[in-house]
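Observations on the three-dimensional arrangement
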Amino acid sequence: MKPKQLLINIKIVSFYLLMISFSLRFVSCKKSDLFKNDIFWTEENSPQVIGNMVIDDLFTRTDLMMYVTSFWTGVHYAEACSGFGAARLAGLSNDSETINRLSVRYTKVIEDSLVKDANHVDANVYGILPLELYMQNEEEKFLQQGLELADGQWEDTLPNGLTSQVRYWIDDVWMIGSLQVQAYRVTGNEIYLERAAMVTDSYLQELQQPNGLFHHGENAPFFWGRGNGWMAAGLAELLSELPESSPYYTSILEGYKKMMDALLTYQAEDGMWRQLIDKEESWKETSSTAMFGYAITVGVKKGILSKTTFTPVYQKAWLSLVEYINEEGKLTDVCAGTGQSDDINYYLDRPRTTGDLHGQAPVLWFAYSLLARY
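What you see is a predicted model; the values in this text were computed from it and never measured.

Quick word on the side chain of Thr107
Positionally, Thr107 belongs in helix α4 (residues 96–111). Taking relative accessible area as the criterion, Thr107 reaches 9% and is therefore assigned buried. A polar contact is formed between the side chain of Thr107 and the side chain of Lys141, at a distance of 2.9 Å. In this structure Thr107 touches Lys141 and Phe142, once residues within four positions along its chain are discounted.

Spelled out as structure tokens, the structure:
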């Protein structure tokens, strides 16, 4: 046998051994945890390999990403979203070592009082992380911390019953909704789902544009990628749990489908989405692509999006996205933090970063959704 052919055969055997090993790794998972679908990825760009690279990168960051403002100092929501994604993905594969390392990393948040309730969405959303850790390791300290933040979100309410943290920024649907959904998952108390649904329905009625997408703000009439990504991910997260019996289910589902149809229209040929979704002159942006891929994968697996139409959409998104992940597990071409502006060039000229947790986090969500069953 020629050396070249021998090398090819070795690679093929290695790939199938990896797939067998991965399958065995999930044997002890609950039957409903693993989605059995046709594998469309290669050994190098599989969700488990990419996910582990991103998790490894998280542990190289000895310092937590912090949020420092005039009214509040605490753990940044991008750190929380990354830890949440890492814990969920590790839990799916019963990776107790990673769960233990995450527990150690975020126990110091409790011990050093690094999260304080500032009655602000960016503060309270941290609760998604300890609640996920509790679901994986049943440590009561994480349950207590997470529920305090979830319930604290509704300590002050508006006359219409919504939390006073409502500000009608498009990222709020994730910041508020995901925390309340997590609280429902650990308690089974439907009040949390009702809260999330009330807020989400209100935002859809107020903010969704005729084309299905969302302006960055009242005075920022642009369809900014990551802003819409938070909305898409938040809608998917809620619909993954919201029962059809909810009075808000139909309107939320309609809003979600309308948005997904718009994303289908604007996806680039290679599977990416752009910094400004509807502007072809805009550069291809990775954090939004990961968020949209996650939202669409959830919809297909929940049976609320057409499998025939949308499966190729999320598959193309994943295969293109992984090309932007370097050997250190860092995602490139992530839009830097972006405020609202009425100048289109402000968005087109935003800096592109590498390894920003705003991008690392949704890669983990996307990887999880490709492996999980809903």
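Quick notes on the confidence of the model for the protein chain
When pLDDT is averaged along the protein chain, the result is 91, and 89% of the positions lie at 70 or above. Scored below 50 in pLDDT, residues 1–36 shows 34 contacts in the model against residues more than four places distant or in partner chains.

Some words on the packing of helix α2 (residues 47–60) against helix α3 (residues 77–92)
Two elements in contact, α2 and α3, have axes separated by 10 Å at closest approach and are oriented at 130 degrees. If you check the angle between α2 and α3, you find them oblique. For the pair α2 and α3, the crossing hand works out as left-handed. Residue-level inspection shows Gly51, Ile55 and Leu58 of α2 in contact with α3, the latter providing Glu79, Ser82, Gly83, Ala86 and Leu89. Looking at the contact of α2 with α3 residue by residue, the classes come out as four nonpolar, three polar and one charged.

Quick word on the pattern of salt bridges
Within this structure, the stated rule accounts for 14 salt bridges. Between Arg167 and Asp171 there is a salt bridge, with the nearest N and O atoms lying 3.4 Å from each other. The exposure class assigned to Arg167 is partly exposed, which follows from its relative accessible area of 23%. Given the relative accessible area of 13%, Asp171 is considered buried. A cluster of three or more residues bridged by salt bridges with shared partners is formed by Arg88, Arg185, Glu237 and Glu241.

Comments concerning the nonpolar core
Counting residues in each nonpolar core, the largest one holds 114 residues, and the members touching the most others are Trp174, Met259, Met260 and Trp365. In contact with Trp365, other than residues within four places in its own chain, are Cys81, Phe84, Gly85, Trp174, Trp230, Ala233, Met291 and Tyr294. One finds Ala220, Leu276, Trp283 and Leu348 within the second-largest nonpolar core, a separate group that totals eight residues.

Rules of the game
- Residue numbering note: each chain is counted from 1, following its sequence as written.
- Under the rules for a predicted model, residues below a pLDDT of 70 receive no local features and side-chain atom pairs below 80 are neither given nor counted, while totals for whole chains, interfaces and linings still include all residues.
- Side-chain numbers here rest on the full set of heavy atoms in the structure, without hydrogens or water.
- Each helix corresponds to a stretch of at least 4 residues labelled H or I by DSSP, and each strand to a stretch of at least 2 residues labelled E; elements are numbered beginning at the N terminus.
- Relative accessible area decides the class of each residue, using a 1.4 Å probe on protein chains only: under 20% of the type maximum gives buried, over 50% gives exposed, and in between gives partly exposed.
- We define a polar contact as two N or O atoms separated by no more than 3.5 Å, with the added condition that, inside protein, one atom must be a possible hydrogen donor and the other a possible acceptor, whereas residues neighbouring each other in sequence contribute only through side-chain atom pairs.
- Should any heavy atoms of two residues lie within 4.5 Å, those residues are considered in contact.
- Within a predicted model, pLDDT stands for the predictor's per-residue confidence, ranging from 0 to 100.
- Lines fitted to the C-alpha atoms define the axes, with helices restricted to the stretch that makes contact. Angles between their N-to-C directions range from 0 to 180 degrees.
- Roughly parallel covers angles under 35 degrees, roughly antiparallel covers those over 145, roughly perpendicular covers 65 to 115, and oblique covers all other angles.
- For a crossing to be left-handed, the near helix must be turned anticlockwise from the far one by less than a right angle; the clockwise case is right-handed.
- For this classification, Asp, Glu, Lys and Arg are treated as charged, while Ala, Val, Leu, Ile, Met, Phe, Trp, Tyr, Cys and Pro are nonpolar and the rest, including Gly, are polar.
- Each salt bridge in this description consists of a side-chain nitrogen of Lys or Arg and a carboxyl oxygen of Asp or Glu lying within 4 Å of one another.
- Each nonpolar core is a collection of buried residues, namely Ala, Val, Leu, Ile, Met, Phe, Trp, Tyr and Cys, held together in the definition by side-chain atoms within 4.5 Å.

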